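Residue-level listing of the chains:
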Amino acid sequence: MIKEKKIIEFANALDSKKPTPGGGALAAICGSLAASLGGMVSRYSINKKGLEDYEKIIEEALENFLVCKERLLELADEDVNAYNKFREASKSKNSVKIEETIKNSIETAYRIAKCGYEILNNAYIIAKYGNQNLLSDAIITGYYAWATMQSGLTLVKDNLNYLKDDAYKRTFLEDIKEFIVETDNLISKIRNLSDEKIIITGGYLMFDNKPIKYELLHKDKNSNARRGRIYTPRGIIETPVFMPVGTNGTVKALKNSDLKNIEAEIILGNAFHLFLRPGLDVLRNVGGLHNFMNWDKPILTDSGGFQVFSLKDRKISDEGVLFRSPLDGSKIMMTPEKSMEIQMTIGSNIAMAFDECVEAGAERKYVEESVERTFEWAKRSFNAHTKKDQALFGIVQGGFHEDLRNRSLKQITSIDFDGFALGGLSVGEHYSETERILKHSGPKLPEDKPRYIMGIGTPLIILMSVENGMDMFDCVLPTRMGRHGTAMTWEGKVNLKAGKWKYSTEPIDNKCDCYACQNHTRGYIHHLLRKDEILGKILLSIHNLRFLINFVKEVRKAIEEDRFMQFKEEFLSNPNNVY
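Brief notes about the environment of Leu409
Along the chain, Leu409 turns up in helix H14 (residues 402–412). Considering only alpha carbons, one finds Leu409 and Phe375, 34 residues apart in sequence, at a separation of 9.6 Å. Beyond its immediate chain neighbours, meaning those up to four positions away, Leu409 contacts Val396, Ser441, Lys444 and Leu445.

Focus: the packing of helix H3 (residues 55–92) against helix H4 (residues 95–129)
A pair of packed helices is captured by two measures, namely the crossing angle of their axes and the spacing between those axes. The interhelical angle for the contact between H3 and H4, taken along N-to-C directions, is 165°, at an axis separation of 8 Å. With respect to H4, the axis of H3 lies roughly antiparallel. H3 and H4 meet at a crossing whose hand is left-handed. In terms of residue class, the contact of H3 with H4 is made up of 21 nonpolar, eight polar and seven charged.

Observations concerning unusual backbone geometry
The peptide bond linking Thr239 to Pro240 adopts the cis configuration, its omega dihedral lying at 5°. Relative to the helices and strands, Pro240 resides in the loop between strand E5 (235–239) and strand E6 (241–246). A cis amide bond links Arg277 to the next residue, Pro278, at an omega of 20°. By the element assignment, Pro278 lies in the loop between helix H8 (271–276) and helix H9 (280–286). We note that Asp532 has phi near 55°; this positive angle belongs to a residue other than glycine. Assignment of secondary structure puts Asp532 in the loop between helix H19 (522–530) and helix H20 (534–560). According to the relative accessible area criterion, Asp532 is exposed, its value standing at 54%. Phi is positive for Asp562, which is not a glycine, with a value near 55°. Inspection of the secondary structure assignment puts Asp562 in the loop between H20 and helix H21 (564–572).

Things to note about the packing of aromatic side chains
The full count for this structure, using the stated rule, is 14 aromatic pairs. With a centroid separation of 5.3 Å and an interplanar angle of 40°, the aromatic rings of Tyr168 and Phe172 are classed as tilted. Here Tyr168 pairs with Phe172, and both are found in helix H6 (residues 166–193), just four residues apart, close to one helical turn. For the residue pair Tyr168 and Phe172, the accessibility class agrees, reading buried in each case. Ring centres of Phe551 and Phe571 lie 4.9 Å apart, and the angle between their planes is 55°; on these two criteria the pair is classed as tilted. You can see Phe551 sitting in helix H20 and its partner Phe571 sitting in helix H21, a full 20 residues away along the chain. Exposure remark for Phe571: the relative accessible area of 6% places this residue in the buried category. By way of ring pairs, the aromatic residues Tyr110, Tyr117, Tyr168, Phe172 and Phe179 are connected into one cluster. Lys103 extends its terminal NZ or CZ atom over the ring of Tyr168, reaching a point 4.8 Å from the ring centre. Sitting over the face of the ring of Trp501, Arg522 holds its NZ or CZ atom 4.5 Å from the ring centroid.

Some points on the side chain of Thr374
Residue position: Thr374 is located in helix H13 (residues 364–384). Once residues within four sequence positions are removed from consideration, Thr374 is found in contact with Phe354, Asp355, Glu356, Ile395, Gln397 and Ile412.

Rules behind the numbers
- Residues numbered from 1 in each chain as written.
- Predicted model: local features only at pLDDT ≥ 70, side-chain atom pairs only at ≥ 80, totals over all residues.
- Heavy atoms only, no water.
- Helix = DSSP H or I, 4+ residues; strand = E, 2+ residues; numbered from the N terminus.
- Contact = heavy atoms within 4.5 Å.
- Axes fitted to C-alpha atoms, helices over the stretch in contact; angles between N-to-C directions.
- Parallel < 35°, antiparallel > 145°, perpendicular 65-115°, else oblique.
- Left-handed = near helix turned anticlockwise from the far one by under 90°.
- Nonpolar A, V, L, I, M, F, W, Y, C, P; charged D, E, K, R; others polar.
- Buried < 20%, exposed > 50% of the residue type's maximum accessible area, 1.4 Å probe, protein only.
- Phe/Tyr/Trp six-rings, centres within 6.5 Å; stacked < 30°, edge-to-face > 60°.
- Lys NZ or Arg CZ within 6 Å of the ring centre and 35° of its normal.

Structure follows, in structure tokens:
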């Protein structure tokens, strides 16, 4: 449904002097609000602690959210249909038909605005009676609803100007006047519930004039582990979080519905690969990666730096990196400015500054030069980045030299990035080296912004990262292991290609609630793998990602209860979990 609603096509098709039925823009806003509603309802079960006295009131409001969500999606389709009828009538140049289609568009937009008001009212109820976690969700959903109302009313008022039926116009204008007063009163009540500074600027949801907001909810008493939340225009990310990697605009072997079923809150896209194919022209044409892959939750893109530096045929200078395309051999110069152009075109919610990722065995002198180059590139990335609704993270480098890590950390955090990452780890070094740098650098990153460690995905290193204050992790490991027949479980890795599973009637993991574990046995998946059936790879990829997402969910719970170190020790007491 929503995938057909192209905002850019809508904007390009309409002349500013003509009536403005909704087309794609209002429909897309409805889709974003519907996604926010679904996310809030799904998070209620983990946010309802201590709400026994108001549980009935809150759950009624949430039930109303689900009804509104379905109505919004129906109205989004009606809005697009109204727009299409208007275009057909315009071609016929029949003034009576044109007037009828404009009225149809007005009435649809007004129903959308009223649906937004109903959502806003229920958000107010939840904000008033809910706890702090529900308050934050309700405020953001309320502002989405407010934005939807304003967009609907704007379309109503714009289109009324083109009608000749004065009586119809007067009736609508009177109704709108009363409606606006009601909505302004309600939004004022919600504002007064909290000092959250969330505003809509130029059509974008902004947090303290920033594209994302990080909220620190709790710090573990016995470690640097922290429980947080990242607010984005595409939804809320609970941290610590594991992020599945979708290199080419898809997480290998999974559909979007699979990602939602395993509760993926954010995925990664690879700027380098998406730049090569499908290319920026395609992504511009469809309005970015979210539209292209029909994904309505947050996306983070890397800068392309790691992939560029992985190429053998490359030449690094202060300007950038010159390399040959692995597709056709043509020469490409990747600079900080080019990386920003790519990521802004992709339209991810979080972009990464262009940096230099050095090899594990690089000489100190080269690492020193690289730190300075990364700093200069960070400044150029920051200056070239102009997309207001997209966050930009800086990356700390410095190899395995603690003094150079300190230097890079001081340099990169001097720039007003929206978050910070530790780069240059998991590049072939020994585990002990990763641990040393994490312990040294992780806790020093700014506390009021998200902290991201790039390219790690084993439970062992996730636990070590969390212990040292990191919030976000990504890795291709779970899907790669799944495609090669290995399952990640609470009892360690399991090679399901092994013959001993031929007659097994057990699920992959008794503690797992994923589709594969609830519907298939180890014996069946063993059979699929031995016959090289793609379904076996799909099922294990789904399971491994769900395992890691559940694993990190348990980590979050342990932090909230100040027992993270106990959780870590119990999990790692099984030697099979150390990998």
